[in-house]
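# Chain and residue survey
In case you want the letters, here they are:
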Amino acid sequence: MTSTPPTTAPDVAIPGREVVAELRRTCEALAQRAGDLVLQMRREAVDVAATKSSLTDVVTRADLASEKLLTELIEELRPQDGVLGEEGARRVGQSGLTWVLDPIDGTVNYLYGRADYAVSVAVVAGDPADMTAWRPVAGAVHAPVHHRTFSAGLGLGASDGDRELRVPPAPELAQALVGTGFSYDAAVRAWQGRVLADVLPRVRDVRRAGAGALDACAVAAGELDAHVERGLQPWDVAAAELIVTEAGGAVRHDRQDDGSIVTVITSRDLLGPLGDLFAHASRDV
Ligand code: IPD
Ligand code: CA
Ligand code: CA
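The structure displayed is predicted, hence computed values, not measured ones.

### Quick look at the site of ligand 1
In the vicinity of ligand 1 lie 16 residues, with D105, G106, Y184, G212 and E229 positioned nearest. At 2.7 Å from an oxygen atom of ligand 1 is found a side-chain nitrogen or oxygen belonging to D105. Calculation on ligand 1 without its partners gives an accessible area of 380 Å², and the protein chains cover 93% of this total. For the shell around ligand 1, the element with the most residues is strand β5 (residues 97–105), which contributes three residues.

Dropping the structure here:
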């Protein structure tokens with residue numbers, strides 16, 4: 001599997017600084033509201049409402065309730081904007097801005113009572129469904145169990161609560177702690193396992209925490225050196241991508257020959273070596 005070079009985002013209208021700051025605050029507030037809701041629902045019964053792409057790709061009542069709450073609040077606050085939500089929310093707006101929502105990132109962790117899950121809320125300019133052509137302008141990732149809210153605004157930096165985020169200097173590739181994730185599709189998962197077998201001896205170690213957005217925020221916070229995954233979707237990365245780039249890190253979406261995308265999220269210095277490592281490993285399988 002080979003990759004084409006990343007395309008550069010086309011010119012899209014970016015709102016002014018004040019509007020970006022306001023959008024960032026709204027992202028934080030919405031992610032926290034939805035986070036409170038899913039936390040409360042977790043204390044009651046958690047049940048699978050439906051399966052999606054495969055039997056292991058589940059959606060709980062809380063995913064649906066969280067997305068409903070978010071879309072209702074956005075409709076009230078920003079009726080001129082579009083909406084793209086993982087669980088089906090779709091609205092084309094007139095402003096050129098779209099809210100991209102992951103009502104629970106890490107649903108399998110949520111289902112099992114594990115702590116690593118989050119609500120991700122972002123505003124992007126450009127095509128919200130095309131990660132190679134969009135421009136995230138504001139975003140927040142809120143992890144209710146950890147009481148952490150990561151956020152960023154384009155040109156305004158990134159933070160974890162009150163702490164400003166800076167991606168630390170990159171280690172050598174061989175010392176890098178790399179997060180990854182696996183698809184819900186068994187065939188893609190088998191491919192990912194083979195790629196990982198090649199990558200594993202060449203890095204410090206690999207983590208699979210189960211929430212891609214939180215892994216990306218961990219890169220911004222220096223708690224992971226990279227996250228690399230094939231098949232991440234716009235709602236998984238819209239907010240987290242901005243948090244990483246505003247913290248001084250780098251994100252690349254490499255489109256593969258089969259149309260799938262491999263996303264590399266890391267420090268600027270590791271982007272090339274790590275991207276190459278995964279590209280070579282992918283060619284070998
Ligand atoms: C998933 C998580 C997981 C990643 C998958 C995502 P979901 O999101 O981020 O870590 O490996 O690619 O789909 O389904 O829990 O929202
Ligand atoms: Ca997700
Ligand atoms: Ca989700």
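### Examining the side chain of R252
Within the secondary structure, R252 is located in strand β14 (residues 249–255). With a relative accessible area of 19%, R252 lands in the buried category. A distance of 3.0 Å separates the side chain of R252 from the side chain of D254, its partner in a polar contact.

### A few points about the sheet that holds strand β13 (residues 226–230)
Pairing is mixed in the open sheet, where five strands are placed in the order β12-β11-β13-β15-β14. Of all the strands in the sheet, just β12 (205–207) and β14 have a single pairing partner and so form its edges. Neighbour-to-neighbour, the strand axes of the sheet open up by a mean angle of 20°, direction not taken into account. Across seven bridges, β14 lies against strand β15 (residues 261–267) in antiparallel orientation. Of the residues in β15, the one forming a bridge with G249 is S267.

### Section: the pairing of strand β1 (residues 48–51)
In summary, the side chains of a regular strand alternate between the two faces of the sheet. Strand direction decides the pairing type here: β1 and strand β2 (residues 58–60), joined by three bridges, are antiparallel. Within β2, the residue paired with T51 across the bridge is V58. Where β1 folds back on β2, the antiparallel hairpin that results is connected by six residues.

### Remarks on the coordination of the calcium ion (ligand 3)
Each pair of donors in an ideal octahedron of six around a metal sits at 90 or 180 degrees, and each pair in an ideal tetrahedron of four sits at 109.5 degrees. Taken together, the protein donors to the calcium ion (ligand 3) comprise E86 (OE), D102 (OD) and I104 (O), at separations of 2.2 to 2.3 Å. Counting the intervening residues between successive donors of the calcium ion (ligand 3) yields the motif E-x15-D-x1-I. Separation of the calcium ion (ligand 3) from the calcium ion (ligand 2) amounts to 3.7 Å, with D102 serving as a shared donor to the pair. Judged by its relative accessible area of 1%, I104 is buried.

### A word on the nonpolar core
V141, F150, L165, L214, I243 and I265 are the most contacted members of the largest nonpolar core, which totals 38 residues. Counting residues per element, the ones that place at least two in this core are β6 (118–125), β7 (135–143), β8 (148–153), α5 (212–220), α6 (234–246) and β15. Considering every element that reaches this core, the biggest residue donor is α6, with eight residues. Excluding residues that lie within four positions of it along the chain, V141 makes contacts with A118, V119, S120, R148, T149, F150, A213, L214, C217, A239, A240 and I243.

What counts and how
Residues numbered from 1 in each chain as written. Chains lettered and ligands numbered in written order. Predicted model: local features only at pLDDT ≥ 70, side-chain atom pairs only at ≥ 80, totals over all residues. Heavy atoms only, no water. Near = heavy atom within 4 Å. Polar contact = N/O pair within 3.5 Å; in protein donor to acceptor, adjacent residues only side chain to side chain. Areas by Shrake-Rupley, 256 points an atom, 1.4 Å probe, with all protein chains shown as cover. Helix = DSSP H or I, 4+ residues; strand = E, 2+ residues; numbered from the N terminus. Buried < 20%, exposed > 50% of the residue type's maximum accessible area, 1.4 Å probe, protein only. Pairing = 2+ DSSP bridges. Axes fitted to C-alpha atoms, helices over the stretch in contact; angles between N-to-C directions. Donors = N, O, S within 2.8 Å, 3.2 Å for Na, K, Ca; no water. Core = buried A, V, L, I, M, F, W, Y, C linked by side-chain atoms within 4.5 Å. Contact = heavy atoms within 4.5 Å.

Everything listed is a geometric property; what it means functionally is a separate question.
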